[in-house]
Each structure stands twice: as C-alpha cells, then as structure tokens.
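Breakdown of the fold
As a plain string of letters, each chain reads:
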Amino acid sequence: MSENIDTDDPPAADAEDADEVGELDPAETSDAESTEESVDAGDAEAEGEATDSPVEADAAGDEDADVDATTDESAGDDAGDDAVDADANGSTDLGSDVEVASEDAVVEDADEDLLGGLEIDSTSDIEVPDRLVDQVIGQDHARDVVKKAAKQRRHVMMIGSPGTGKSMLAKAMSQLLPKEELQDVLVYHNPDDGNEPKTRTVPAGKGEQIVDAHKEEARKRNQMRSFLMWIIIAIVIGYALLIVEQILIGILAAGVIYLAFRYGSRGNDAMIPNLLVNNANQQTAPFEDATGAHAGALLGDVRHDPFQSGGMETPSHDRVEAGAIHKGNKGVLFIDEINTLDIRSQQKLMTAIQEGEFSITGQSERSSGAMVQTEPVPTDFVMVAAGNLDALENMHPALRSRVKGSGYEVYMDDTIEDDAEMRRKYARFVAQEVEKDGRLPHFTEDAVQEVILEARRRSGRKGHLSLKLRDLGGLVRVAGDIARAEDKEFTEREDVLQAKRRSRSIEQQLADNYIERRKDYELTVNEGDVVGRVNGLAVMGEDSGIVLPVMAEVTPSQGPGEVIATGQLQEMAEEAVQNVSAIIKKFSDEDISEKDVHIQFVQAGEGGVDGDSASITVATAVISALEDVPVEQNLAMTGSLSVRGDVLPVGGVTHKIEAAAKSGLDTVIIPKANEQDVMIEDEFKDQIEIVPVQHISEVLEVALAGEPEKDSLVDRLKSITGKALEQREVGQTGGSPSPQ
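We now turn to the structure provided with this report. Being a predicted model, the structure only gives us computed values, none of them experimental.

Of all six residues in strand E3 (residues 183–188), five are buried; the element is thus mostly enclosed. Relative to strand E4 (residues 198–203), E3 runs antiparallel, the two sharing six bridges. Across the sheet, the residue bridging to Leu 186 is Arg 200, located in E4. Here E3 runs beside strand E5 (residues 274–277); their pairing, made up of three bridges, is antiparallel. Its bridge partner being in E5, Leu 186 is matched across the sheet by Leu 275.

The next thing to look at is the pairing of strand E20 (residues 595–601). Where strand E18 (residues 544–556) lies against E20, seven bridges are found, and the strand directions are antiparallel. Residue pairing across strands places Thr 555 opposite Asp 596, the latter belonging to E20. Where strand E19 (residues 563–566) lies against E20, four bridges are found, and the strand directions are parallel. Following the sheet pairing, Val 563 is matched in E20 by Val 597.

It is worth spelling out the pattern of salt bridges at this point. Applying the stated criterion to the full structure yields 29 salt bridges. A salt bridge links Arg 153 to Asp 380; the nearest nitrogen and oxygen atoms lie 3.9 Å apart. One end of the pair, Arg 153, is in the loop between helix H4 (140–152) and strand E2 (155–159); the other, Asp 380, is in the loop between strand E11 (377–378) and strand E12 (382–387), with 227 residues separating them in the sequence. Judged by relative accessible area, which is 24%, Arg 153 ranks as partly exposed. Residue Lys 500 is joined to Glu 450 by a salt bridge in which the shortest nitrogen-to-oxygen separation is 3.3 Å. Highlighted residues: Lys 500 in helix H16 (residues 493–502) and Glu 450 in helix H14 (residues 445–459), separated in sequence by 50 residues. Glu 450 shares its class with Lys 500; the two are buried. Connected through shared salt-bridge partners, Glu 450, Glu 454, Arg 457, Arg 458, Arg 493, Lys 500, Glu 658 and Glu 681 make up one network.

What counts and how
- Residues numbered from 1 in each chain as written.
- Predicted model: local features only at pLDDT ≥ 70, side-chain atom pairs only at ≥ 80, totals over all residues.
- Heavy atoms only, no water.
- Buried < 20%, exposed > 50% of the residue type's maximum accessible area, 1.4 Å probe, protein only.
- Helix = DSSP H or I, 4+ residues; strand = E, 2+ residues; numbered from the N terminus.
- Pairing = 2+ DSSP bridges.
- Salt bridge = Lys/Arg side-chain N within 4 Å of Asp/Glu carboxyl O.

Structure below.
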C-alpha cells in the first residue's frame, strides 16, 4: 500500500467555534434595489447623527434648530443597519429559514425530532428558495459577509475544506450585485497604429447594436462597390469583344479588376469593431470562474496570425480575446485554489485589481499577438478567492494584502451546531439537491432522517452536523439513482442505506480491503495475550479506519541506550515516540540507559505513519516489553499522550472504532474527551465495548493481562501519579483537556 496513514486525524475543534455561527436577520435579504436604497438612507442618517457639533438652523426659518450629534461612528453604522432592516421587513424575507407549515405539522418536541418539527410526506412538500444566497445551508457568518461585500463591492477570500459552499457563495454574490451597471466592451481598429487597437465601453446591450450598425454600413458599401465592379467588368468585356475583338484580353482585364475590388473591400471589414465583452443577455452581474485558468484565459490574449502581410492578414483588433478579468467586469471573478496560479499571473491580477483596467496583449512571446497591446480594458470586478488552508502558503503576499486591505477574509466552518432549525434546513438541502438534479425521485420522511443522521456522523462531533455538503449531496444523488433504477416513486430509507455502502470513498474501500487481507493472512490477532504487542488504530484519508499493530522489544545496548522506531514515521509521529520515552523513564522501574527500545509499526505501508494518536499504543507496548507483562489482544486503543501521562483527545475515533469492530476486536480504549464524539453505525454497537480513559495508568489497567504483575505495575503507577490523579478528580469536572 502506498497510502499515508494518519494515526491522528485533526481533532475536532472546541465547541466555542460554533458560537460564530448565528442566525441572520431576515431583513438583510431584501432584493438588491431596495437594499441599495435603504443602505443609502442608512448612510445618510448615520452621517447626520455623527456630526461633531449640533446643527444650527438658518435665520430663514428651518424647522428644528438642533440635531443631537453625540452619536459615535458605530452608532451611525447601526442606524444604517436599522434602515436596511426596516426596508427588508417590508419586502422579501430570508429564504434560508425553514418554517413549520402549520400547527398540525409541529412535532411536540421539535428539539428531539430529526426533522426539527417538520412533518412531511416527502421533500416535494418543502419549498426551495429561488436565490442562491437563500439556499446556503449553515455558513451564516460567511453568508453575512458575502451580502455585505456585495453591497459595498468588497473582495472576499474564503478558506476552508473542499465542499463547504465556497463556489456557491461566490455565485450568490453575483446575484446580489446590481445589474444596471453592466457594460459591453468594443475593440476598434487603430488607423494610426494597427498594433494598438482602441477600446470603447458602452452600456450593456449597446455593443451588439453598434456592431450590427457597422456591419450594415459595410454591407451597403460592399454592395455599391460590387455593383460598380460588375459595371466596369461588363464595359471592359464588351469593349474587348466589340472593339478590339480580343476576348482573352477582356477576360484577363476583368480578372484584374475583380481582384482589385475584392482587395480594396477588405478595408471595409477592418472598420467593423470586435465585440470583446457582451453582457446583453445577462440577467445578473457576470460570474466568471477562473479556477485553474492559464495566463491567456485569465488575463486575455491576442491570437497568432500566420498571414501577417500581403493583404491576407487578420486585423489585430479582430484577434483580441478577453480574459476572465475583463468578462467579470462589474461582476464577480471567482478563483478557487488561488495558490495554483503562477506568481506572474498573481502579480498581473493584483495590477488589474488596483488599477481597475488592464491592457490585453499576446501571452506567448513566439506569437505575432505579442506585438499587439490594446488600450486598457475595464476590470472593475469583485474577486472571490478561495482555497484550503495551504492556499495561504503559496499565495502572493501582496495579493493577499490587497484582498485583506479592501475586503474580508472568511474561514468556512466544517460543522455547525445541531438544533431544530438546522435540521429543518438540512431537510430543505435534500429537497434542493433533488430539484437541482431534476431526475431524482423525492425523498420520504424516513430517507431524509437517515441523511441527517449521516450528517451527524460525518461531523465527528457530538451535537454537530457536517457542513461538507458536496459529499453529502453525492450521497443524496446515489440514493436517488438507486430508487430511480427500481422505478420507485420516492427515495426511501433503504435506498439511502444502500447508497452509503455504494458511495464509500476510495480510502474506505482500501481500508476494508486492507482489513480483509489481514484476516486472510492471519495478521490480525484478536484473542489471547502477547507481551509487547498492542493493536493500535489509525485513519486513512478522512473517513476510514484501520487496525495498525505496534510491537516493542527491549534489547541490551552496545552503547548508550536509545529508542528506535521503524515504519516510516513522519515528523509528528517521531516526536510522539520521544514523548513516550519520557513516560517510560518515569513510570518503569527498569533502567533503560543501557538498553535499546525497538518499536515497530507493523505493515504501515509506503506512506508511513503520521500523527500522535498512537502514543498510548506505543507506551503500552514498550511498558509491556520492559515489565514482561502481556497485553490483551482482543482490544485496540487510540489516544495521544502528554509527557505527564495524560491521555489527550484525537480525531477520527468513530472510524477507528468501526475498524476495530470489523477486525473482530471487542474492546476499544479511547480518550475520555472523545467520548462525546463517538457516533458509530448501529450494526457495530453490540459488537464493541468502548472504554474511555484519562490517564496512562487507566489504559494499562484495562489492557494488561496477568493479574499479579498487572496489579503491581498499576499500583506503582498510581503511587507515582496518585496525587496528580486525586487533584484532577477533585478539581476538574470537564474531563480530559480539550483537543490541541
């Protein structure tokens, strides 16, 4: 196997992270025009209230003499927001809130109901809002920022995991921008210098009219020239036949005249402008997705002309092509994975943002288009940059500063607090996916409940729902396809359960195959007891777990004693092993200064081992080898470890527990702090016993076999750390430390 095995999935964040997510005021979602008016009114009111001194009335008799001007700047902003609220209350309500249809549809305890109080026969009973911004599930903070950025035309950078709604929010932003400002861009031939075409900006829809008018004018001129040409040809041929009586000379002369007229007519075509950007049919502000675009597609280009002379060349203005930065003028330019743009393109993008215009030239130095450079073309776009956390590393610092200095940076949440309102929104999410696809049967109530349960499970946190909705949407589509293949009227719960099995990720399929292969070769030991061998647990990818045995052996050293770990350990795993060695020195009676401690991660694969969640596994294996006390093989364990012996929380506990159950193990030791994050499938609940622990002494008490030896070792550990453990029991009510 060539996969990199993470023994520590990134631990779930503190619950306080969810506090940022709040319900938006419905008033902020009024239509674009009324919102703009209310913002203007709010700004005017705020301006009046924020003056430095009372306003005195004229002697001519203004009505009120004084205006209280002590309101500070923030209060002025609040006044503007109040104006927006007042305007929105009289218009469109926020479609992101899913209300219970009637009193008959209310479940007695909506907080406990999986649909949050909705009683529906199927998702066809749920109304889907028209605007994209109202279809966004969760991400309330990001949605609020996007709406404000659209009003003020600010740039936005969204950082977060894939599938959390970054592109959907960018498209929603284009719907919130005003349409009446859209423009067409025309490129004209420059009679003074053909390599410097002229540009002209006109209101949207005018461009086509101008081009049509020029084409009509050129057509009329060509008709007149053709009429004149045929008259002259007729005269020449008639003269050759009747006067000179030399038909061959007449034909040759007619051919020369024809070619001369055709060559001369090319000048008429050169006068027709090139419609570079056409927004005539745009119903909303332009949305240009420039993700992964090369330089020409992003910045514009001039096509190469192989015929550059002899009257066969194409006029330079006809070869100009607009880039995404020009097509996105007065709209939104969306660039996902912005760090994949080369530095040169990022620098020019920064110039376009700063100047609001950017000339088009050929991007290839070998092309004839490199000699052409137009006048500046407008690039007044709002940029929405997106990416994962690693996008910040390779993004040009000046470009990020430009976005940050004149816009917003938003981190996209991976999970959101599970409450009745959010579950209603998830039911609407299923309805949205069905309507968006257009071919899937609607989901029954039980099927929607199963999707919500899966969202809980995928969140990896107790009391939360996953916001990786792209993956969840894939589950909805697979379930719908299964129901459609069987000609069902509705998608049922059984279809969702079957879809969960069919839509497993590559990592899940590899992990299941890995587990089966180990069974075939009897590499998984799930009974008896062995000295120095512990069944550890690891994750592959984000949603699959495997059993990863760890073996330890203590041998005499031929020099200073050292800890030797094999299995292609990555940096974090190596540091975890060093931390474990400190615990061993503290808790073991053995003098290891003249001994080598060998630690092996059995069949870790070519990708090696990363993370520190195997710390308690390594510590248990080494202490077992040092003390010659066997370890029970019917259990597995996962957990990080501090140098003082505290068991710290890790990530991926649900997937790890399920992997242990699939491997035939019947007990799993996990950190006490992760107890709330366990959401295993029903089929595994009766197969596995979960033991939460807070300290390494508790791990050894459960894992070690041989009562006299185990009791002696555990008693010794408790005597060393007893005072600290007692202080924890008296002074702590929250269990183990939060994930770090």
